[in-house]
Amino acid sequence: MEYESPSQSPTLTQDQRLKLLYPMVNEEETPLPRCWSTKPVPPNPLLQDKYNYIGLSQSNLRVHYKGHGKTHKDASSVRATHPIPASCGLYYFEVKIISKGRDGYMGVGLSAQGVNMNRLPGWDKHSYGYHGDDGHSFCSSGTGQAYGPTFTTGDVIGCGINLIDGSCFYTKNGHHLGIAFQDLPSGLYPTVGLQTPGEVIDANFGQEPFKFDIEGEMRELRRKTQGVIEDLSWPRKHGDAQAVLHNMVSTYLVHHGYSQTAESFARSAGQEISEELTSMRNRQHIQKLVLAGKLGEAISTVDQLYPGLLALNQDLHFRLKVRQFIEMVSGADSLEIESESGGGKSW
């Protein structure tokens, strides 16, 4: 059987599916999240990946609540083993609600390293969540915003993050619910939180086909990106594309004082250089003096070739003098050259 989106084939292994979805990710350098973290509890609670009231089973993919669930202070969350690699482009994971438990106070989302896990996703800074009991989205705040429908036992909730524009969306049972958050930072971890007894969820990090066609969403994102690129046009006032490219290269060479290269390039491109070769060589000579630590000679040369320049740029003159003082302390420069030429002020 052929699938419109190959990643939805149930015959694929997790490795094969993740490679299809995220071909640019090198897992030796930036591993993908594959399960919830069981990292030992450190003394500092802000470094925990899993709070005490969270229990894990089934290869650390099933999360169940084992606390008292009396108040919001009993909320517990868990992060995935690794942050989402930026090279994913568009990343997605899903959770299935095995049981909503007593009240269904469950949150699905993302959080940064260092966010308190004794809270539901979205309540604290750099934490973002979609909650099942009221359908609200929480963006680094204890006050939620109306977003989507509530969710309960049997529902599959997906969370996707666009690493290009920083937007985040959710899905419910395979249906896109729209953008929930904008301008999210990088380095976030998939995160879920529970708060009342009996709550159980299972995570899908690609070990099974997703309910939502994320591959189709990726194709649409690529199509839109391609359209933006194709719609870009060269500013006509600068001429055609070839002329613009030639001008960019020539300007770069002139700016950095590569006089011989700029001259050769101008001849081959049939263009004129925007600056006299003598001026370029002068600037290159001054740059070499500065890099060699001969600040006194550099200041003197600037005064000779460009009278009044340093007087008009007092900040630049001050920085050069500070650098000269540093070079004098190290024994690489002196005030002799500058004092002989009469330029500048003495310390």
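All figures in this text were calculated on a predicted structure; none of them were measured in a lab.

Draft legend 1. Representation of the overall build of the protein chain. Along its length, the protein chain carries nine helices and 13 strands. Counting all 347 residues of the protein chain, 42% fall into the buried class. Sequence-distant contacts in the protein chain: of pairs separated by 6 or more residues, those separated by 24 or more amount to 61%. Element-wise, carbon and sulfur atoms account for 53% of the exposed surface of the protein chain, whose accessible area totals about 18,700 Å².

Draft legend 2. Structural detail: a nonpolar patch on the surface. The grouping of Phe-318, Val-322, Phe-325, Ile-326 and Val-329 at the surface amounts to a nonpolar patch, some 480 Å² of accessible area in total. You can see Phe-325 is positioned in helix 8 (residues 314-330). A relative accessible area of 45% means that Phe-325 is categorised as partly exposed.

Draft legend 3. Here's a closer look at the sheet that holds strand 6 (residues 127-131). Taken in spatial order, the six strands line up as 3-12-5-6-7-8 in an open sheet, and their pairing is antiparallel. A single partner strand is all that each edge strand has here, and the edge strands are strand 3 (76-79) and strand 8 (145-146). Across five bridges, strand 5 (residues 107-111) lies against strand 6 in antiparallel orientation. Each bridged residue has a counterpart across the sheet, and for Gly-107 the counterpart in strand 6 is His-131.

Draft legend 4. Summary view of the pattern of salt bridges. All chains considered together, the criterion is met by 11 salt bridges. Residues Asp-202 and Arg-62 are paired through a salt bridge, measuring 2.6 Å at the closest nitrogen-oxygen approach. Residue Asp-202 is found in strand 13 (residues 199-204), and its partner Arg-62 is found in strand 2 (residues 62-65); the two are separated by 140 residues along the sequence. With a closest N to O distance of 3.1 Å, Arg-119 and Asp-124 form a salt bridge. A residue is classified by how much of its surface remains accessible, and Arg-119, at 25% relative accessible area, is partly exposed. Through salt bridges with shared partners, a single ionic network connects Asp-15, Glu-27 and Arg-34.

Draft legend 5. Quick peek at the sheet that holds strand 2. Read from one edge of the open sheet, seven strands run 1-2-13-4-9-10-11, paired in antiparallel fashion. The strands lining the two open edges of the sheet, one partner per strand, are strand 1 (54-57) and strand 11 (175-181). Between one strand axis and the next, the sheet turns through 25° on average, direction left out of account. Pairing geometry for strand 1 and strand 2, over four bridges, is antiparallel. The partner of Ile-54 across the bridge, within strand 2, is Tyr-65. Against the sheet, helix 2 (residues 214-231) makes contact with strand 4 (90-100), strand 9 (156-162), strand 10 (168-172) and strand 11, and its axis sits at roughly 150° relative to strand 4, the strand it touches most.

Draft legend 6. Representation of the packing of aromatic side chains. The full count for this structure, using the stated rule, is 16 aromatic pairs. An angle of 85° between the planes, with centres 5.1 Å apart, marks the rings of Tyr-92 and Phe-210 as edge-to-face. You can see Tyr-92 sitting in strand 4 and its partner Phe-210 sitting in the loop between strand 13 and helix 2, a full 118 residues away along the chain. You'll find Tyr-92 and Phe-210 in the same group, each marked buried. Geometry around Tyr-189 places Arg-79 over its ring, the cationic atom sitting 5.7 Å from the centre.

Draft legend 7. Looking closely at the environment of Met-117. Its location among the elements puts Met-117 in the loop between strand 5 and strand 6. With 40 residues separating them along the chain, Met-117 and Ser-77 place their C-alpha atoms 4.9 Å apart. Discounting residues that sit within four places of it in the chain, Met-117 has contacts with Gln-48, Asp-49, Lys-50, Tyr-51, Ala-75, Ser-76, Ser-77, Val-78, Arg-79, Ser-111 and Thr-191.

Draft legend 8. Up close: the pairing of strand 6. The element strand 6 is largely enclosed, with a buried count of five among its five residues. Every second residue of strand 6 is oriented toward a common face, with Ser-127, Gly-129 and His-131 on one face and Tyr-128 and Tyr-130 on the other, all of them buried. Bridge analysis of strand 6 against strand 7 (residues 136-139) gives three bridges, and the strand direction is antiparallel. When the bridges of strand 7 are listed, Tyr-130 appears paired with Ser-137. Hairpin connection from strand 6 to strand 7: four residues lie between these consecutive antiparallel strands, with Gly-135 at a positive phi of about 75°.

Draft legend 9. The pairing of strand 9, seen in detail. Across the seven residues that make up strand 9, a large majority, seven, are buried. Alternating positions in strand 9 separate into two faces, Val-156, Gly-158, Gly-160 and Asn-162 on one and Ile-157, Cys-159 and Ile-161 on the other, with burial throughout. Relative to strand 10, strand 9 runs antiparallel, the two sharing five bridges. Considered in strand 10, the bridge of Gly-160 is made with Phe-169.

Draft legend 10. Layout of the packing of helix 6 (residues 295-305) against helix 8. Axis separation between helix 6 and helix 8 bottoms out at 9 Å; the angle between their running directions is 150°. With respect to their mutual orientation, helix 6 and helix 8 come out roughly antiparallel. Listed contacts from helix 8 to Leu-295, Gly-296 and Ile-299 of helix 6 are His-317, Leu-320, Lys-321, Arg-323, Gln-324 and Glu-327. Looking at side-chain class alone, the contact of helix 6 with helix 8 contains three nonpolar, three polar and three charged residues.

About the cut-offs
- Once a new chain begins, its residue numbering starts again from 1 and follows that chain's sequence as written.
- Only residues with pLDDT of at least 70 are given local features in this predicted model, and only at 80 or more are side-chain atom pairs given and counted; all residues enter the totals for whole chains, interfaces and linings.
- Computation of side-chain values covers all heavy atoms of the structure but excludes hydrogens and water.
- Runs of E in the DSSP output that reach at least two residues are strands. Runs of H or I that reach at least four are helices, and both are numbered from the N terminus.
- The classification of residues rests on relative accessible area computed with a 1.4 Å probe and restricted to protein chains. Under 20% of the type maximum is buried, over 50% is exposed, and intermediate values are partly exposed.
- By the convention used here, residues are in contact when the closest approach between their heavy atoms is within 4.5 Å.
- For the area figures, the Shrake-Rupley method with a 1.4 Å probe applies, and any residue is considered shielded solely by the protein chains shown.
- Think of a patch as exposed residues, more than 30% relative accessible area, with no salt bridge, where like charges cluster within 9 Å and nonpolar side chains (Val, Leu, Ile, Met, Phe, Trp, Tyr) cluster within 5 Å.
- Salt bridge, as applied in this entry: a Lys or Arg side-chain nitrogen positioned within 4 Å of an Asp or Glu carboxyl oxygen.
- A pair of strands is treated as paired once DSSP finds two or more bridges between them.
- In this analysis, axes come from line fits to C-alpha atoms, helices being fitted only over the stretch in contact, and the angle between any two N-to-C directions falls in the range 0 to 180 degrees.
- Pairing of aromatic side chains here covers Phe, Tyr and the six-membered ring of Trp, requires ring centres within 6.5 Å, and sorts the geometry by plane angle: under 30 degrees stacked, over 60 edge-to-face, intermediate tilted.
- Working rule: Lys NZ or Arg CZ, within 6 Å of ring centre, within 35 degrees of ring normal, means a charge sits over the ring.
- Any angle between 65 and 115 degrees counts as roughly perpendicular, while under 35 counts as roughly parallel, over 145 as roughly antiparallel, and the rest as oblique.
- Side-chain classes follow a simple rule in which Ala, Val, Leu, Ile, Met, Phe, Trp, Tyr, Cys and Pro form the nonpolar group, Asp, Glu, Lys and Arg form the charged group, and the remainder, Gly included, forms the polar group.

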